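Coordinate inspection notes
Here are the chains, one letter per residue:
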Amino acid sequence: MVLNPVLGKLVSKRVVLASASPRRQEILTNVGLRFEVVPSWFKETLEKSSFAAPYEYAVETAKQKALEVANRMHVKHLRTPDVVIGADTIVTVDEQILEKPVDKQDAYRMLSRLNGKEHSVFTGVAIIHCSSKDNQLETEVTDFYEETKVKFSDLSEELLWEYIHSGEPMDKAGGYGIQALGGMLVEYVHGDFLNVVGFPLNHFCKKLAELYYPPPKHNVQHKKYDSIPSVDTFENLSDGESESSDFTEHKGASKLDSSGMCSSGAICNSENNSSIKTGFTVPLENQNGVSESAAKLPSKILELMDGFRASKAMFVASKLKMFDHLKDKGPLKAVDIANEVGTSVCGTERLLDACAALGLLEKTPQGYSNTDSANTYLTSDGECSLHGYIIHSNDHIWPLFTNLESAVKEGSRQNHRAFGKKAEDLFKDYYHSQEVKQRFMAAMHSIAQLTARDVATAFDLSRFKSACDLGGCTGALAHELGQIYPNLKVTVFDLPEVIANTSYFQPPGQNTAPVTFISGDFFKDDLPEADLYILSRILHDWPDEKIHVLLSKISAVCKPGSALLVAEIVLDEQKTHPPRAVLQSLSMTEGKQRSGSEYKQLLEKYGFTNVQIKITGNLLDAVLCFKKNLSP
Ligand SMILES: Cc1cn([C@H]2C[C@H](O)[C@@H](COP(=O)(O)OP(=O)(O)OP(=O)(O)O)O2)c(=O)[nH]c1=O
């Protein structure tokens, strides 16, 4: 798919859409972009008269919306995003800016002004690349706008009021929605239709192309200075062709040279570029004007080369519970931590420095202390602790990955090489060793806690009265469902040895809705009755024969109208995104990761219909489907 290289650049980044507009969310979701939605709290109250042109107002508002979210996420939630996207749509007629109407009279005033005339719709967009240095947020703003001309027919008063009473105008700039009933008012549109709906997708992709795929420097002298992106079409972009651009990518940085110019020679963001970073590598020219690749920095490859060191440093610091010690007692010197943990002073110092370099710890003359992220995610009792999963990754997944070469050669999981045992024997360990069992459950619990809200809210499940989470382990998702849907009776169905160990993981306090735990084997035993069944992170692990047994059973107990909710990472149709899922496949379980169409096909095969897929942009996506009504 030709667009992949452009949007693909955002895949590994934490992207946030700073907008409550459902249209913007839909436009970006439809092209496969994964993002979080954090609506901006910025009040759209900039003084309009202070802007020379209406689009400047829209661009500035978009920028302020995005900056507010970037700052808030950095300060309050301590989750600095990589990219924040903000947008603002306005309608202008007779040099007046129209935003969203405040009431029906206001809508009437707006629509009357547009009646029978041509007007402009401007959307300002800001793309903010964020990074955190010494706990300070650093931002680089790229912004642009798009104009579309729209002409309304001559409309009667009656029609205008009928339209206003439909309620549609209220949350829309200019008081109309071209994508729905408002489309009937419109005689013609000149320009990008999606721009009117709230997001100029085409220009956005061109901007990304300009940022991530700057053309070679030798174009510089001859290129006209304008604000039009230097890459006009995407057709010529493919990952193969863009190899050199990959090598010149710098995290969170637009491609500007030290003069503030795009390497294309276009003045980057002549529309308004609020920060300019210097020192980017641009291809050098030799005396013949031919660009050389001497200065290219393969940052992506260097990052991958070192990635395993970074993972292991975090794993070992977690395993030695250094983050736990620092949470209780920090700041501490390396020698104190070494004494507490029983490690060498020099080794501990190196490990702590590595963690500081990775942004997990802060180092001051008083010693080392946890960053807020470390407190939240890396301590074993942190609010959203990932400790269990990290230990599982260190003890179980790491040894498997060190045998990846054999796994690829043989096409099978490498338990025998990694642990000196066959898969069946390892499974016996799981049965017999309390420690192994608890470690595994803690791993599942930490991931389930982190993903539960996304899964529980991916669809409106309020119509269901009872739900059964098959393989629901510690009940983390079940509790979240109970919180969100207080009338839902939730049951967790899992193996007896799992159910016997769930008490340790139950949330404290009486305020949570009760969850019922029932033990059984979902491949063999009768399933509890429910009108919503849930399979969260189950299907990707099992081979087709087992999935056949499981889905046949669920389908058989599901009454028509009952539903099945599947939570998995849904691959794109090319099966190369998101990378997390693709890399997980390398564990070589007998199961596999699937794309949206593969899930649809699979579920339809077992009598489910109306398959809906929600890409959450986070760790797990969700698929909801309904048991078909029996044919009459
Ligand atoms: C003209 C027009 C606007 N719109 C919408 C797009 C925007 O959502 C809205 C303009 O308001 P905005 O202030 O741009 O956006 P918003 O309030 O919906 O969301 P946020 O501020 O959180 O980003 O009008 C349509 O949906 N159809 C149309 O035809």
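Predicted, not measured: the structure shown is a model, and the values here were computed from it.

Right, let's talk about the site of the ligand for a bit. Lining the immediate environment of the ligand, one finds 21 residues, of which S19, R24, K65, K100 and I178 sit closest. Residue S19 places a side-chain N or O atom 2.6 Å away from an oxygen atom belonging to the ligand. Calculation on the ligand without its partners gives an accessible area of 590 Å², and the protein chains cover 94% of this total. Only α2 (22-30), β3 (83-93) and α6 (193-197) provide two or more residues apiece to the shell around the ligand. The element that contributes the greatest number of residues to the shell around the ligand is β3, accounting for three residues. Of the residues belonging to the shell around the ligand, the class tally is seven nonpolar, six polar and eight charged.

Counting through the fold element by element, G8 comes out in helix α1 (residues 4-8). Its relative accessible area of 22% is what places G8 among the partly exposed residues. Here the alpha-carbon distance between G8 and P578, two residues 570 residues apart in the chain, equals 9.4 Å.

This part takes up the pairing of strand β15 (residues 532-536). By the criterion of burial, β15 is predominantly enclosed, with five of the five residues buried. A two-sided burial pattern is seen for β15, the buried positions comprising L532, I534 and S536 on one face and Y533 and L535 on the other. Bridge count for strand β12 (residues 466-470) against β15 is four bridges, and the pairing is parallel. Note that in β15 the partner of L470 across the bridge is L535. For the crossover from β15 across helix α21 (residues 544-557) to strand β16 (residues 563-568), the handedness is right-handed.

For the rest of this paragraph, the subject is the sheet that holds strand β14 (residues 515-519). Here we have seven strands laid out as an open sheet, ordered β14-β13-β12-β15-β16-β18-β17, and mixed in their pairing. Here the strands that pair on one side only, and so sit at the sheet edges, are β14 and β17 (608-614). Along the sheet, successive strands turn relative to each other by an average axial angle of 20°, direction set aside. As judged from the five bridges shared by β15 and β16, these two strands associate in the parallel manner. Bridge pairing links L535 to V566 in β16. Along the sheet face, α21 touches β12, β15, β16, β17 and β18 (621-627) and points at about 165° away from the line of β15. Where helix α23 (residues 596-605) meets the sheet, it contacts β16, β17 and β18, and its direction lies at approximately 155° from that of β17.

With their axes 10 Å apart at the nearest point, helix α4 (residues 104-114) and helix α5 (residues 157-165) run at an angle of 135° to one another. Between α4 and α5, the crossing angle belongs to the class labelled oblique. Pair α4 / α5 crosses with right-handed handedness. For the pair α4 and α5, the contacting residues are K104, Q105, A107, Y108, L111 and S112 in the first and E157, L160, W161, Y163, I164 and H165 in the second. Residues belonging to the contact of α4 with α5 are distributed by class as follows: seven nonpolar, three polar and two charged.

Conventions adopted
Residues numbered from 1 in each chain as written. Predicted model: local features only at pLDDT ≥ 70, side-chain atom pairs only at ≥ 80, totals over all residues. Heavy atoms only, no water. Near = heavy atom within 4 Å. Polar contact = N/O pair within 3.5 Å; in protein donor to acceptor, adjacent residues only side chain to side chain. Areas by Shrake-Rupley, 256 points an atom, 1.4 Å probe, with all protein chains shown as cover. Helix = DSSP H or I, 4+ residues; strand = E, 2+ residues; numbered from the N terminus. Nonpolar A, V, L, I, M, F, W, Y, C, P; charged D, E, K, R; others polar. Buried < 20%, exposed > 50% of the residue type's maximum accessible area, 1.4 Å probe, protein only. Pairing = 2+ DSSP bridges. Right-handed = clockwise from strand over helix to strand, strands pointing away. Axes fitted to C-alpha atoms, helices over the stretch in contact; angles between N-to-C directions. Contact = heavy atoms within 4.5 Å. Parallel < 35°, antiparallel > 145°, perpendicular 65-115°, else oblique. Left-handed = near helix turned anticlockwise from the far one by under 90°.

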